[in-house]
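Fold and geometry: a report
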Amino acid sequence: MLKELRPALVMTAALTVVTGLVYPLSVTGIAQGLFPHQAQGSLIERGGAVIGSERIGQPFTGARYFQPRPSATGGPDPADPSKTVSQPYNAANSGGSNLGPTSKALVERVQAEAERLKAENPGVPVPVELVTASGSGLDPDLSPAAADFQVPRVAKARGMTEAAVRQVAAANTTPRALGFLGEPTVNVLRLNLALDKAAGGR
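Residues numbered from 1 in each chain as written. Predicted model: local features only at pLDDT ≥ 70, side-chain atom pairs only at ≥ 80, totals over all residues. Heavy atoms only, no water.

The name given to the chain in an unreviewed UniProt entry is Potassium-transporting ATPase KdpC subunit, and the organism recorded there is Azospirillum doebereinerae. Heading Subcellular location (unreviewed entry) of the UniProt record for the chain holds this comment: "Cell membrane". Database annotation for the chain, UniProt heading Subunit (unreviewed entry): "The system is composed of three essential subunits: KdpA, KdpB and KdpC." (UniProt positions renumbered as here; feature names shortened; annotations may be inferred.)

Structure representation (structure tokens):
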């Protein structure tokens, strides 16, 4: 019986080493060598402190800043760990709301958010991504249209012209990969940092 088991045990051990150690370490080493910034989480630092990641959305408060897509992520309730509460942009608990188009709670939330945005920029259609969360709840990017929708509010709050804000947004727009793959995107964190820099770091 040992004769029959030996090949199976040897293969299990060999595959465990190859797929559990050699392959992950090789891929990690290659990534660290070729793409060190991305391999470390695409972190952004200011003054020696990490302030965020290009790949994970985060909330911004105040009219001076562009706002990302809504987030439906949650986490343990600090008062009662057996319960879950809303924790937007919680990178430790990525996920969507799982609410479908017939959900009354979802419809009411989207309608309320759409009305708020319509009041902010009357007469302009509200981009759907500004009222709906992504599947991960951590989307760090907006479409150029969703960024442009917010330009009047940001420009007014910063005392800048809309043309100046649009210029900063355009400079922080990533085009389609290879000119035809995907869609242009605007990274919200990088855009807000660029605006602060343009305003003298305030």
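Read on for the rest.
1. Some details on the pattern of salt bridges
Note that side chains of opposite charge can pair when their charged atoms are close. Counting across every chain of the model gives 11 salt bridges. One salt bridge in this structure joins E120 and R116, with 3.7 Å as the shortest N-O distance. Taken as a pair, E120 and R116 lie in helix α3 (residues 104-120) at a separation of four residues, close to a single helical turn. The exposure class assigned to E120 is partly exposed, which follows from its relative accessible area of 24%. Judged by relative accessible area, which is 44%, R116 ranks as partly exposed. R153 serves as the salt-bridge partner of E120, at 3.0 Å between the closest nitrogen and oxygen. With E120 in helix α3 and R153 in helix α4 (residues 144-158), this pair connects stretches of sequence that are 33 residues apart. Sharing partners across several salt bridges, the network here consists of E113, R116, E120 and R153. (Salt bridge = Lys/Arg side-chain N within 4 Å of Asp/Glu carboxyl O. Helix = DSSP H or I, 4+ residues; strand = E, 2+ residues; numbered from the N terminus. Buried < 20%, exposed > 50% of the residue type's maximum accessible area, 1.4 Å probe, protein only.)

2. Thoughts on empty space enclosed by the protein
Any space left empty among the atoms is revealed by the rolling of a water-sized probe across them. For the structure on display, the rule yields one cavity of 30 Å³ or more. Looking at the largest cavity, its volume works out to about 40 Å³. Lining the largest cavity are S53, E54, I56, G57, Q58, P68, P140, N187, V188 and L189. (1 Å grid on protein atoms, 1.4 Å probe; cavity = no way out; pocket = protein on both sides within 12 Å on 5 of 7 lines; lining within 4 Å. Points joined across faces, edges and corners; volume = space filled by probe spheres on them.)

3. What about the packing of helix α5 (residues 162-171) against helix α6 (residues 188-198)?
Remark: α5 packs on α6, axes separated minimally by 9 Å, with the N-to-C direction vectors making an angle of 130 degrees. Taken together, α5 and α6 sit at an angle that is classed as oblique. In terms of crossing hand, the pair formed by α5 and α6 is right-handed. For the pair α5 and α6, contact is made by V165, V168 and A169 and by L191, A194, L195 and A198, respectively. Of the residues belonging to the contact of α5 with α6, the class tally is seven nonpolar, no polar and no charged. (Axes fitted to C-alpha atoms, helices over the stretch in contact; angles between N-to-C directions. Parallel < 35°, antiparallel > 145°, perpendicular 65-115°, else oblique. Left-handed = near helix turned anticlockwise from the far one by under 90°. Contact = heavy atoms within 4.5 Å. Nonpolar A, V, L, I, M, F, W, Y, C, P; charged D, E, K, R; others polar.)

4. Concerning α6
Within α6, burial applies to V188, L189, L191, N192, L193, L195 and D196. On the buried face of α6, the contacting elements are β1 (43-46), β2 (49-53), β5 (141-142), α4, α5 and β7 (185-187). Its side-chain oxygen at 3.3 Å from the backbone nitrogen of L189, N187 defines the N-terminal cap of α6. (Polar contact = N/O pair within 3.5 Å; in protein donor to acceptor, adjacent residues only side chain to side chain.)

5. Description of unusual backbone geometry
The phi angle at Y89 is positive, at roughly 60 degrees, despite the residue not being glycine. Structurally, Y89 can be placed in the loop between β4 (80-86) and α3. At L178, a position not held by glycine, the phi torsion is positive, near 60 degrees. Turning to its location among the elements, L178 is positioned in the loop between β6 (173-174) and β7.

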